[in-house]
Amino acid sequence: MAVLDPIRNSAEVTPSPIPQPAPPSALNRDRNFVTYWFGQSLGAVGDSIATISLPRLVLQTTGSVAQMGVITAILGVGRLVASFGAGVLVDRVDRRR
């Protein structure tokens, strides 16, 4: 309902009450988030171990630093190509669907 304010000489509109959302809960209490976070953390640890241990295994098996470098380069290029491919894929997929 509009009420005329004589001082401001304009119509003042009383806002209708807007329901406020519930306050967000702490993420460490959300079971889905904790499961997701644990899985991502475990995957990151596994990737780090593979990044270190695979070239070292090649070095130990072959004794060739050159072959260890080739394996390290292949791992790096693979991650780079996968990240570019994933970026393009994420940009083209409808996020709302």
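Here the structure is a predicted model, which is why all the values come from computation and not from measurement.

Undergrad: Is there a simple way to think about helix α1 (residues 31-62) in this case?
TA: Residue pairs spaced three or four apart in an α-helix point in one direction, given the helix's 3.6 residues per turn. In a regular helix each residue adds 1.5 Å, so 32 residues correspond to 46 Å; α1 covers 46 Å between its end C-alpha atoms and thus fits that length. Two residues or fewer after α1 comes G63, characterised by a positive phi angle close to 75 degrees.

Undergrad: Looking at this structure, I do not really get a nonpolar patch on the surface. What am I missing?
TA: A cluster of nonpolar side chains, contributed by L27, F33, V34, Y36, W37, F38 and L42, occupies part of the molecular surface with about 760 Å² of accessible area. Among the structural elements, L42 can be located in helix α1. A relative accessible area of 54% means that L42 is categorised as exposed.

Undergrad: Explanation requested: helix α2 (residues 65-92) in the structure shown.
TA: Over its 28 residues, α2 extends 41 Å from the first C-alpha to the last, a length consistent with the 40 Å expected when each residue adds 1.5 Å. Its side-chain oxygen placed 3.4 Å from the backbone nitrogen of A66, S64 serves as the N-cap of α2.

Undergrad: Help me understand the packing of α1 against α2, please; the structure alone is not making it clear to me.
TA: Any two packed helices are characterised by the angle at which their axes cross and by the distance between the axes. Remark: α1 packs on α2, axes separated minimally by 8 Å, with the N-to-C direction vectors making an angle of 155 degrees. Judged by the angle between their axes, α1 and α2 are roughly antiparallel. Crossing of α1 over α2 shows right-handed handedness. Where α1 abuts α2, its residues D47, A50, T51, L54, P55, V58, L59 and T62 lie against V65, Q67, M68, I71, T72, L75 and R79.

What counts and what doesn't
Residues numbered from 1 in each chain as written. Predicted model: local features only at pLDDT ≥ 70, side-chain atom pairs only at ≥ 80, totals over all residues. Heavy atoms only, no water. Helix = DSSP H or I, 4+ residues; strand = E, 2+ residues; numbered from the N terminus. Expected span 1.5 Å × (residues − 1). Patch = residues over 30% accessible without salt bridge, like charges linked within 9 Å, V, L, I, M, F, W, Y side chains within 5 Å. Areas by Shrake-Rupley, 256 points an atom, 1.4 Å probe, with all protein chains shown as cover. Salt bridge = Lys/Arg side-chain N within 4 Å of Asp/Glu carboxyl O. Buried < 20%, exposed > 50% of the residue type's maximum accessible area, 1.4 Å probe, protein only. Polar contact = N/O pair within 3.5 Å; in protein donor to acceptor, adjacent residues only side chain to side chain. Axes fitted to C-alpha atoms, helices over the stretch in contact; angles between N-to-C directions. Parallel < 35°, antiparallel > 145°, perpendicular 65-115°, else oblique. Left-handed = near helix turned anticlockwise from the far one by under 90°. Contact = heavy atoms within 4.5 Å.

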